[in-house]
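Coordinate analysis (summary)
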Amino acid sequence: MRSLIETLDRLLGHVERAAALLAGLLILAMMALVCAEVLGRGLFNHPVRGSIDIIEQVMVALVTLGIAYCQSHFGNVRMTLVSDRLTGRAKWLSELFALAIALFVVVILAKGSWLNFQRAWGNGGDTPEIGIPLWPGILLVTAALGLLGLRLAVQCAEAVRLILQPKDGSRLFGHPADAIETTPYE
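All of the points below concern the structure found in this document. Source: prediction; values computed, not measured.

1. Description of the overall build of the chain
When helices and strands are tallied, the chain shows five helices and zero strands. Each helix and strand of the chain, placed in order from N terminus to C terminus, yields the pattern α-α-α-α-α. Against the globule reference of 16 Å for 186 residues, the chain gives a C-alpha radius of gyration of 21 Å, more extended than a compact globule. Dimensions along the principal axes, computed over C-alpha positions, put the chain at roughly 65 × 45 × 25 Å. A total of 186 residues make up the chain; the buried ones form 33% of that total. A separation of at least 24 residues holds for 70% of the contacts in the chain among residues at least 6 apart in sequence. In the form shown here, the chain has an accessible surface area of approximately 11,300 Å², with 70% of it arising from carbon and sulfur atoms. Between the centroid of the 15 positive side chains of the chain and the centroid of its 15 negative side chains there is a distance of 6 Å.

2. Let's talk about the side chain of Glu-16
By secondary structure assignment, the location of Glu-16 is in helix H1 (residues 2–43). Setting aside anything within four residues of it in sequence, one finds Glu-16 in contact with Ala-68, Tyr-69, Ser-72, Leu-147 and Arg-151.

3. A word on the pattern of salt bridges
Counting across every chain of the model gives eight salt bridges. As a salt-bridge pair, Asp-168 and Arg-2 come within 2.7 Å of each other at their nearest N and O atoms. You can see Asp-168 sitting in the segment after helix H5 (135–164) and its partner Arg-2 sitting in helix H1, a full 166 residues away along the chain. According to the relative accessible area criterion, Asp-168 is partly exposed, its value standing at 22%. Residues Arg-41 and Glu-37 are paired through a salt bridge, measuring 2.7 Å at the closest nitrogen-oxygen approach. Placement of the pair is Arg-41 and Glu-37 together in helix H1, with a separation of four residues, close to one helical turn.

4. Topic: the environment of Glu-6
Inspection of the secondary structure puts Glu-6 in helix H1. Put simply, Glu-6 and Glu-158 are 152 residues apart on the chain and 8.8 Å apart in space, counted from C-alpha to C-alpha. Glu-6 has contacts with Arg-171 and Leu-172, leaving out every residue within four places of it along the chain.

5. With respect to unusual backbone geometry
Comment: phi is negative for the bulk of residues other than glycine, and the bulk of peptide bonds are trans. The backbone phi angle of Asn-45 is positive, close to 55°, even though this residue is not glycine. Looking at where Asn-45 falls in the secondary structure, it is placed in the loop between H1 and helix H2 (51–64). By relative accessible area, Asn-45 is classed as exposed at 66%.

6. Quick notes on the packing of aromatic side chains
For any pair of aromatic rings, the description consists of the separation of the ring centres together with the inter-plane angle of the planes. Under the counting rule described, the total for this entry stands at six aromatic pairs. These aromatic residues form a ring-pair network of at least three members: Trp-114, Phe-117, Trp-121 and Trp-135. A cation over an aromatic ring shows up here: Lys-91 above the ring of Trp-92, its NZ or CZ 5.4 Å from the ring centre.

7. Section: the layout of surface pockets
One number sums up the size of the second largest pocket: a volume of about 190 Å³. Put simply, the parts of the chain that give the lining of the second largest pocket at least two residues each are H1 and helix H3 (67–72). In terms of residue count, H1 provides more of the lining of the second largest pocket than any other element does, five residues in total. For the lining of the second largest pocket, the residue count by class is four nonpolar, four polar and six charged.

8. Topic: a nonpolar patch on the surface
On the surface, a nonpolar cluster with roughly 620 Å² of combined accessible area is contributed by Phe-97, Ile-101, Phe-104, Val-105, Ile-108 and Leu-109. On the secondary structure map, Phe-104 appears in helix H4 (residues 88–123). You can call Phe-104 exposed: its relative accessible area is 58%.

The rules behind each value
Residues numbered from 1 in each chain as written. Predicted model: local features only at pLDDT ≥ 70, side-chain atom pairs only at ≥ 80, totals over all residues. Heavy atoms only, no water. Helix = DSSP H or I, 4+ residues; strand = E, 2+ residues; numbered from the N terminus. Rg over C-alpha atoms; globule rule 2.2 N^0.38 Å. Buried < 20%, exposed > 50% of the residue type's maximum accessible area, 1.4 Å probe, protein only. Contact = heavy atoms within 4.5 Å. Areas by Shrake-Rupley, 256 points an atom, 1.4 Å probe, with all protein chains shown as cover. Lys, Arg positive; Asp, Glu negative; His and termini not counted. Charge placed at Lys NZ, Arg CZ, Asp CG, Glu CD. Salt bridge = Lys/Arg side-chain N within 4 Å of Asp/Glu carboxyl O. Phe/Tyr/Trp six-rings, centres within 6.5 Å; stacked < 30°, edge-to-face > 60°. Lys NZ or Arg CZ within 6 Å of the ring centre and 35° of its normal. 1 Å grid on protein atoms, 1.4 Å probe; cavity = no way out; pocket = protein on both sides within 12 Å on 5 of 7 lines; lining within 4 Å. Points joined across faces, edges and corners; volume = space filled by probe spheres on them. Nonpolar A, V, L, I, M, F, W, Y, C, P; charged D, E, K, R; others polar. Patch = residues over 30% accessible without salt bridge, like charges linked within 9 Å, V, L, I, M, F, W, Y side chains within 5 Å.

Below is the structure:
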């Protein structure tokens, strides 16, 4: 089971890194657009037409594409006050509980996002100034939530494995079981 989980983690990691790289490139493009907007408006009295519409659509990608990568490195905001002080099965039970709640929420959000995409696809809808369709951004949110859901499912499987074998190490969680020493914050 350990090798299957690590293989899934590795494959998922490639997709997450590609999505995070795309988000970084989009940040660069958005910064260039904002610079062009400021220079065009200030120097030539001619703003970039539809820049607000473009930025609205790019922001969707910026916000969602890096979420799964962040979760894979546990760079998200989490309450670890309890789980970091636990050891063995208790630690992995608390991790599983937190991950299962997160997975439940992500599944609900992904379902709602998918339904919203279907409405946008069927009814149309576009941005007010230059008419960019709204459905690609909504579909991107659904895909990003799906990727996050897969990451959380792999982490849940690893937590279950560690509950069954609490002395075994974990590459996903980045440390051997019970290796975290609790030291007072300085």
